[in-house]
Amino acid sequence: MYINRDEKMVATKKQGMQSMKFSIRIYVTLIIAIVFLSSRVTFAQGTTEETAQFLCTHVFNDVAYEYKSSFSDSFVKAIPEVYFRELVKEATEAAGPCIRTLQSKSTDDTAEYRLQSIKGNSIRIIFAVDSSGRISGLQILDVSLESQKIATWDDAASVVNSWEGQTSFHVVHFGIAEQDLRGNEVQPLGSVFKLYVLGALVDTISSGKMKWQDQFPLRDEYKSLPSGVMHTWPAGQMVSLFQFAENMIKISDNTATDHLLNIVGRKTVEEQLTTLKNGVPEKNIPFLTTAEMFKLKWAAPAELAQSYLKSTNEDRRHILESSISSIPLSQVGTNGVSMNTPTFTHELEWFASTRDVCSAMQGLQDKNSEEALKILAQNVPLIEVNEDSHWQYAGFKGGSEPGVIAASYLLRSKSGEAGCVAITWNNTLKNVNQWTFFDAVGKILKLAEQSIL
């Protein structure tokens, strides 16, 4: 699941508890934000430190507390308890239990703290409270792990190699130099595949067949499961191609993605695999919608999924159209396959090497689409683009599912030099820790400043 910093998670009753548990892991947050709600108030004297201490001693220390009495009604309504506790648990597992707090900065209605752990690591958070003193907003900004020291590219390789499973990174200053760790190995991508959908849309618009402002109706048959919010919008609502693409990238909206894939056409997206220099196009054909992936893994009977995997590409297309399309989304999570552990991550997914991902980023840059570059730049974790930063431009797409996490950046320095950072981690047997992953990503991005001048 992907939660944007400015967007409130919506959990609908009809998805049920299984889908709620499912949403903990599928398309997990990339630089996680448990969003601020609208009911913030000015802090009362002493409230800041008291709240920080509570978060340290209880929430980030695996000590029992009452969720509904500690957090505001609006927070509890927006963020299911099981989701909240899973995110906090994962951060604490990476950093260690909190033992002290250190205030960084505060405003009239928010406070930023570092929660220091017994292991010497830290979790940086920002929070707000409501008029009753309950927490109304909480954001985990980053987790800093002292054990992952990355000062050189050899350090980066050593840290990434230490993770259990398969890992890869590719850092390239376009046309000049690169740093690489298994950059040619094919990896599952999670939502990074949406770069190919964006590329297909850009070329369709460049050809004159469509315009960014063209509007299309939301259709129930194109809806998918979260991440995103558009699955909750009513059928028939008109949405522009720009808004579909913006939601697909900015909040990794799966319903927006599947609409675009159907609007421009599956085979048009498949052609983009060649255009953007994917090294294994045959592994991505037929190019799955997100709904098809959900259904194949967690709704279809085992024999149907196995039949799909053993079939030719044309037979697979037939299975998608004749059998998978008729399975309702409400059946996702009912076939007995765990939705919170790795499932067919090397069989039913979207695939590329990290070198391929950087080729896709360069290809998107070379299309010279102002709209596409604007969309890619709307939600970029771990990088600041401002007067004081190294970067003139940064674009991002990440993705994950149980056992898979990936991140990709398109970067341009203030001297005009462009490049890409792509990194993946997957494990077929157990989930990977997104906090461990993004701590290393942030440090690798700092190294990239030396390579992308």
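Report on the accompanying structure. (Residues numbered from 1 in each chain as written. Predicted model: local features only at pLDDT ≥ 70, side-chain atom pairs only at ≥ 80, totals over all residues. Heavy atoms only, no water.)

1. Some remarks on the overall build of the chain
Then comes step 1: Summing up its helical and strand segments, the chain has 16 helices and 13 strands in all.
Then comes step 2: In the chain, the share of contacts with a sequence separation of at least 24, taken over all contacts with a separation of at least 6, comes to 70%.
Then comes step 3: Here the chain has roughly 18,200 Å² of accessible surface; of this, 47% comes from carbon and sulfur atoms. (Helix = DSSP H or I, 4+ residues; strand = E, 2+ residues; numbered from the N terminus. Contact = heavy atoms within 4.5 Å. Areas by Shrake-Rupley, 256 points an atom, 1.4 Å probe, with all protein chains shown as cover.)

2. Some thoughts on the pairing of strand β4 (residues 135-144)
Then comes step 1: Counting buried residues in β4 gives 9 out of 10 residues, a clear majority hidden from the surface.
Then comes step 2: Pairing of strand β3 (residues 122-129) with β4, which is carried by 8 bridges, proceeds in the antiparallel orientation. Looking across to β4, one finds that S122 is bridged to S144.
Then comes step 3: Counting the residues in the hairpin turn of β3 and β4 gives 5 residues, including G133, whose phi is positive at 90 degrees. (Buried < 20%, exposed > 50% of the residue type's maximum accessible area, 1.4 Å probe, protein only. Pairing = 2+ DSSP bridges.)

3. Overview of the pattern of salt bridges
Then comes step 1: With the rule as written, the count across this model stands at 19 salt bridges.
Then comes step 2: Here R355 makes a salt bridge to D180, at a shortest N to O gap of 3.4 Å. With R355 in helix α14 (residues 354-366) and D180 in strand β6 (residues 177-181), the pair connects residues that are 175 residues apart, well separated along the chain.
Then comes step 3: Each of E112, R114, R124 and D142 takes part in salt bridges that share partners, so that together they form one network. (Salt bridge = Lys/Arg side-chain N within 4 Å of Asp/Glu carboxyl O.)

4. Remarks on unusual backbone geometry
The phi torsion of most residues other than glycine is negative, and most of the peptide bonds are trans.
Then comes step 1: Here I285 and P286 are connected by a cis peptide whose omega angle stands at -5 degrees.
Then comes step 2: With respect to the secondary-structure elements, P286 resides in the loop between α10 (266-275) and α11 (290-298).
Then comes step 3: Despite not being glycine, D62 has its phi angle at roughly 55 degrees, a positive value.
Then comes step 4: Tracing the backbone through its elements, the reader meets D62 in the loop between α2 (47-57) and α3 (67-70).
Then comes step 5: A relative accessible area of 75% places D62 in the exposed class.
Then comes step 6: The residue R182 is not glycine, and still its phi comes out positive at about 50 degrees.
Then comes step 7: Structurally, the position occupied by R182 is in the loop between β6 and β7 (187-188).
Then comes step 8: By relative accessible area, R182 is classed as partly exposed at 29%.

5. Looking at the state of the cysteines
Then comes step 1: Going through the model one piece at a time under the given rule, you end up with 2 disulfides.
Then comes step 2: Bridging C358 to C420, the disulfide has an S-S length of 2.2 Å. Its S-S torsion of about -80 degrees marks the bond between C358 and C420 as left-handed, since a negative value means left-handed. Of this pair, C358 sits in helix α14 while C420 sits in strand β13 (residues 418-426), placing them 62 residues apart in sequence. Considered together, C358 and C420 belong to a single accessibility category, that of buried residues.
Then comes step 3: Looking at the chain, its bonded cysteines, counted consecutively from the start of the sequence, adopt the pairing 1-2, 3-4. (Disulfide = S-S within 2.5 Å.)

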